[in-house]
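As a plain string of letters, each chain reads:
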Amino acid sequence: MTETFGEFFGWLAQTDLAAWLRRSRCGYAFVNGSHILGIALLVGAIVPMDLRLIGIGRRLPVDALARRLVPVAAAGLAIAVATGLMMASTQALDYLGLRVFQVKMALVLAGGLSAVLLHIRYGWWLKEAPPCALRSAGLFSLCCWLPALFAGRLIAFMGA
C-alpha cells in the first residue's frame, strides 16, 4: 500500500500544477489560505456537532444541528482535501516520508470514515441514533480531528 501512495505522490509531484505552485508565491499563498478556510469550515462545524453528540447543549436537537453543520463540514473537508493535495504536490515524496504527515492522514481518514459510517447507519441527520452511539461517535471524532489539526500545523514547522 505504501508503494501505491509513493507512486501517486511521485506522479503528483510531477504535475504542471505542482510545478506552478513551486514557482508561484501568490498561487501557493492562495492555495494555503484556501486550505485554512477549508479547515476552519470543517473543524468549526465538527466541534460543536461533536460537543452536542457527547451531551453538551441537550436543548438543541441533534437532527436540527446536523442539518446545518454536516453540509458545512463536508464542504470544508472537500476544500481541505483538494487544497491539501495541491500543497503536498510541491514536495510530495518528502511529505509522504514525514511521520507527522502520515499520522495526520491516518487521523483524517479515521475521522472521515467514522462520520460516513455513522451517517450511513443512522441517516444523515442522526434522528434515530441511540445516545450511547452518538456519545461514542462524538468522542471518537474529537479524538481524530483535533489531533489532525495540530499534526497539520506541525508539518508546517517541521518542513518537508
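Shown above is the structure to which this text applies.
The text that follows walks through the structure, step by step, so that each part is easy to find.

**Focus: the side chain of T83**
Thought 1: With respect to the secondary-structure elements, T83 resides in helix α4 (residues 62–88).
Thought 2: For T83, a relative accessible area of 6% corresponds to the buried category.
Thought 3: A distance of 3.4 Å separates a polar side-chain atom of T83 from the backbone oxygen of A80.
Thought 4: Not counting the four nearest positions on each side in its chain, T83 is found in contact with V31, S34 and H35.

**A look at the nonpolar core**
The nonpolar side chains of a soluble globular protein tend to be buried, and buried together.
Thought 1: Ranked by internal contacts, the top residues of the largest apolar core, which has 19 residues, are M49, L53, V62, Y122, L126 and L134.
Thought 2: Within the residue set of this core, elements represented by two or more residues are α3 (25–53), α4, α6 (99–122) and α7 (131–158).
Thought 3: If you tally residues by element for this core, the top one is α4, at six residues.
Thought 4: Ignoring anything within four residues of it in the chain, the contact list for L134 reads L53, V62, L126 and A129.
Thought 5: Of all hydrophobic cores here, the second largest spans 11 residues; its members include A92, L96, L98 and I155.

What counts, and at which threshold
- Residues numbered from 1 in each chain as written.
- Predicted model: local features only at pLDDT ≥ 70, side-chain atom pairs only at ≥ 80, totals over all residues.
- Heavy atoms only, no water.
- Helix = DSSP H or I, 4+ residues; strand = E, 2+ residues; numbered from the N terminus.
- Buried < 20%, exposed > 50% of the residue type's maximum accessible area, 1.4 Å probe, protein only.
- Polar contact = N/O pair within 3.5 Å; in protein donor to acceptor, adjacent residues only side chain to side chain.
- Contact = heavy atoms within 4.5 Å.
- Core = buried A, V, L, I, M, F, W, Y, C linked by side-chain atoms within 4.5 Å.

These results come straight from atomic positions and should not be treated as a statement about function.
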